[in-house]
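Chain residues, written in single-letter form:
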Amino acid sequence: MPYDLKEIAAISGMPGLYRLVKPTRAGVIIEALDEKGTRSVASARNKVSLLQEISMYTQDYDQTVPLTEVFDRIHQKHGKDLAITNKSDDRDLSAFMADIMPDYDRERVYMSDIKKLVQWYHVVSKKLDYQAPATEDEAPAAEATEEKPKAKKKAAKKDEPAADEALSTAGIIPAAEETNAAGNPEAGEAKPAKKTTKKAE
């Protein structure tokens, strides 16, 4: 995906956007996507909305467009330096939205939603790297095929999974999705103890 929004979230009662770092017993450690990058803890009571799970309504009642795709459309037309802001005139914001997403639902997408979309895009385009879909799809696939054989060899020798590196990076994502699942990030570490290829040989 052009902008990786898996760990980026909006949190109720807290302005701006945040990167979810890791869960704790009290909630989730978050890092503000601003100049300071201040870290704090979001309580389990706070509603965490991951940007990758947000979509925008279209005129087709049963169809929505993911926010990642909307951001991609904005980048294709305006790049990182989007001239319009959330404080622009309502008519300019409406025209901008119609240009980016001609079929957006004028009744269910409010002006406040458009302003939030523009505000979020400014933050994301400054803090995250834009990657073309082709390189995004190919590179991780190559790394995954290379790491799996290595993990099998080391596990056969010492009975200790060498796939810890892959699990540690992947473990951040499930932890980020649910703030009340603070005890789950280490659950994935029990998976590698399933090597039975040695017996077959």
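Residues numbered from 1 in each chain as written. Predicted model: local features only at pLDDT ≥ 70, side-chain atom pairs only at ≥ 80, totals over all residues. Heavy atoms only, no water.

Moving on, we get to the overall build of the protein chain. What the protein chain contains, in helices and strands, is six helices and seven strands. Of the regular secondary structure in the protein chain, the N- to C-terminal order runs β-β-β-β-β-β-β-α-α-α-α-α-α. Counting every position in the protein chain, which comprises 201 residues, the buried fraction comes to 32%. A separation threshold of at least 6 residues defines the contact pool for the protein chain, and within that pool the share at least 24 residues apart is 57%. With the model as given, the accessible surface of the protein chain reaches about 13000 Å², and the carbon-plus-sulfur share is 48%. (Helix = DSSP H or I, 4+ residues; strand = E, 2+ residues; numbered from the N terminus. Buried < 20%, exposed > 50% of the residue type's maximum accessible area, 1.4 Å probe, protein only. Contact = heavy atoms within 4.5 Å. Areas by Shrake-Rupley, 256 points an atom, 1.4 Å probe, with all protein chains shown as cover.)

Whether parallel or antiparallel, the strands of a sheet pair through hydrogen bonds between backbone atoms. As summarised here, the arrangement of the five strands in space is β4-β3-β2-β1-β5, forming an open sheet in which the pairing is antiparallel. Each edge of the open sheet is held by one strand with a lone partner, namely β4 (39–43) and β5 (48–50). This sheet shows a mean twist of 45 degrees between the axes of neighbouring strands, independent of strand direction. For strand β3 (residues 27–32) and β4, the ladder comprises five bridges, and the chain directions are antiparallel. Along β4, the bridge assignment pairs Ile 29 with Val 41. (Pairing = 2+ DSSP bridges. Axes fitted to C-alpha atoms, helices over the stretch in contact; angles between N-to-C directions.)

We now examine the pattern of salt bridges. Inspection of the entire model under this criterion finds seven salt bridges. Residue Glu 31 pairs with Arg 19 through a salt bridge whose shortest N-O separation is 3.4 Å. With a gap of twelve residues between them, Glu 31 in strand β3 and Arg 19 in strand β2 (residues 14–23) connect regions that are remote in the sequence. Between Lys 115 and Asp 90 there is a salt bridge, and its shortest N-O distance comes to 3.7 Å. Of this pair, Lys 115 sits in helix α3 (residues 111–127) while Asp 90 sits in helix α2 (residues 90–100), placing them 25 residues apart in sequence. Using a relative accessible area of 30% as the deciding quantity, one classes Lys 115 as partly exposed. It is possible to trace a salt-bridge network through shared partners that takes in Arg 19, Glu 31 and Arg 39. (Salt bridge = Lys/Arg side-chain N within 4 Å of Asp/Glu carboxyl O.)

Turning next to the environment of Leu 93. Within the secondary structure, Leu 93 is located in helix α2. Using a relative accessible area of 0% as the deciding quantity, one classes Leu 93 as buried. Separated by 21 residues in the primary sequence, Leu 93 and Ile 114 have C-alpha atoms spaced 7.0 Å apart. The contacts of Leu 93, once residues within four sequence positions are left out, are Ile 84, Thr 85, Asn 86, Ser 88, Met 111, Ile 114, Lys 115 and Val 118.

Of all residues in the protein chain, 65% attain a pLDDT of 70 or more, and the chain-wide mean is 75. No element of the protein chain has a lower mean pLDDT than helix α5 (residues 164–177), which averages 37, and none a higher one than α2, which averages 97. Note on residues 151–201: pLDDT under 50 across the span, and 36 contacts to partners over four residues away in sequence or across chains. (pLDDT = per-residue confidence, 0-100.)

Viewed as axis vectors pointing N to C, α2 and α3 meet at an angle of 75 degrees, and their least axial separation amounts to 10 Å. Compared by their axis directions, α2 and α3 come out roughly perpendicular. Judged by residue contacts, Asp 90, Leu 93, Ser 94, Phe 96 and Met 97 of α2 engage Met 111, Ile 114, Lys 115, Leu 117 and Val 118 from α3. (Parallel < 35°, antiparallel > 145°, perpendicular 65-115°, else oblique.)

Remark: helix α1 (residues 67–78) packs on α2, axes separated minimally by 10 Å, with the N-to-C direction vectors making an angle of 100 degrees. With respect to their mutual orientation, α1 and α2 come out roughly perpendicular. Every residue of α2 that contacts α1 at Val 70, Arg 73, Ile 74, Lys 77 and His 78 is listed here: Phe 96, Asp 99 and Ile 100. Among the residues forming the contact of α1 with α2, the class breakdown is four nonpolar, one polar and three charged. (Nonpolar A, V, L, I, M, F, W, Y, C, P; charged D, E, K, R; others polar.)

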